[in-house]
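Remarks on the overall topology
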Amino acid sequence: VVTRDDVEESLKTKCQYVKDKEQLLKDLHSQIEETEQRLLAKQKERDYWLEYKNVERKVQATKIMNLGKDIKEVKDDLNRAKEHYRKALEAVKEEKDRVLERHVELSKEQAPENAVRYLDKNICREIEENAWLKEEVKIYQKEVSDLKASIQLLEEENIRLVTKLIDSRLQNLRV
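Rules of the game
- Residues numbered from 1 in each chain as written.
- Predicted model: local features only at pLDDT ≥ 70, side-chain atom pairs only at ≥ 80, totals over all residues.
- Heavy atoms only, no water.
- Helix = DSSP H or I, 4+ residues; strand = E, 2+ residues; numbered from the N terminus.
- Rg over C-alpha atoms; globule rule 2.2 N^0.38 Å.
- Buried < 20%, exposed > 50% of the residue type's maximum accessible area, 1.4 Å probe, protein only.
- Areas by Shrake-Rupley, 256 points an atom, 1.4 Å probe, with all protein chains shown as cover.
- Lys, Arg positive; Asp, Glu negative; His and termini not counted.
- Charge placed at Lys NZ, Arg CZ, Asp CG, Glu CD.
- Patch = residues over 30% accessible without salt bridge, like charges linked within 9 Å, V, L, I, M, F, W, Y side chains within 5 Å.
- Salt bridge = Lys/Arg side-chain N within 4 Å of Asp/Glu carboxyl O.
- UniProt positions renumbered as here; feature names shortened; annotations may be inferred.
- Phe/Tyr/Trp six-rings, centres within 6.5 Å; stacked < 30°, edge-to-face > 60°.

**Quick look at the overall build of the protein**
Helices and strands together make up the secondary structure of the protein, namely two helices and zero strands. In terms of C-alpha radius of gyration, the protein reaches 63 Å, well past the compact-globule figure of 16 Å for 175 residues. Oriented by its inertia axes, the alpha-carbon framework of the protein measures out at about 210 × 60 × 20 Å. For the protein, with 175 residues in total, the buried portion stands at 1%. With the model as given, the accessible surface of the protein reaches about 17,100 Å², and the carbon-plus-sulfur share is 58%. Put simply, the protein has 37 plus and 39 minus side-chain charges, and the middle of one group is 4 Å from the middle of the other.

Now the structure itself:
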């Protein structure tokens, strides 16, 4: 004999069992959905890496090679620019040295004139007298050298005459 309470209890149990199974089924569906989402994400990631492996890696390799070439070109340009600036610097230094030398020479030439401008009249007169004396010394030195040449000529003529005289006396003695 089954009583109504037993049937109701059994129905409740079955109902609860069905509800539990439905809940379990819902949970399984949500887990399946979640797993599919993760699977899709992993497949996308896998596709990305496969594409990278097949395409992007080659693109990156060519980019790296191009960057290497660019670096080499930049280094070459740098070396050329460095050499150009080194030569330009040397040229500027040489020009500066020439200008400085020219300036020093002009300063040396102008220094006496500038010094004379600031001297007093007595010293200026002494300098003029000194210049005049130098000219006189040159004239006297020329006269001395002329006189020495004249003396040399006279001595040579004198020697010639004395030689002639001695020769003529010798001849007179022989005669």
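**Here we look at a nonpolar patch on the surface**
A cluster of nonpolar side chains, namely Val162, Ile166, Leu170 and Leu173, defines an oily patch on the protein surface of about 390 Å² accessible area. Its place among the elements puts Val162 in helix H2 (residues 121-174). Val162 sits in the partly exposed class, given a relative accessible area of 41%.

**Observations concerning a negative patch on the surface**
A cluster of like negative charges, contributed by Glu101, Glu105, Glu109 and Glu113, occupies part of the molecular surface. Turning to its location among the elements, Glu109 is positioned in helix H1 (residues 4-117).

**A word on the UniProt feature "coiled-coil region" (unreviewed entry) in the protein**
In the numbering adopted here, UniProt assigns the feature "coiled-coil region" (unreviewed entry) to residues 18-109 and 137-164. Helix makes up 100% of residues 18-109 and strand 0%. Its end C-alpha atoms lie 124 Å apart. Here residues 137-164 runs as 100% helix and 0% strand, with 39 Å between its end C-alpha atoms.

**Section: the pattern of salt bridges**
Enumeration over the complete set of coordinates arrives at 10 salt bridges. As a salt-bridge pair, Lys72 and Asp76 come within 3.5 Å of each other at their nearest N and O atoms. Here Lys72 pairs with Asp76, and both are found in helix H1, just four residues apart, close to one helical turn. Note that Arg80 and Asp77 form a salt bridge whose closest N and O atoms lie 2.1 Å from each other. Linking Arg80 with Asp77, this pair stays in helix H1, spanning three residues, or about one helical turn.

**Some details on the packing of aromatic side chains**
Ring pairs (aromatic) are described by centroid distance and by the angle formed between their planes. With the rule as written, the count across this model stands at two aromatic pairs. Arranged with centres 5.7 Å apart and planes meeting at 80°, the rings of Trp49 and Tyr52 form a pair that is edge-to-face. A residue pair is termed a helical-turn pair when its members lie 3 or 4 positions apart in one helix, as Trp49 and Tyr52 do in helix H1 at three residues. Residue Trp49 is classed as partly exposed on the basis of its relative accessible area, which comes to 48%. On the basis of relative accessible area, Tyr52 is assigned to the partly exposed category, the value being 29%.

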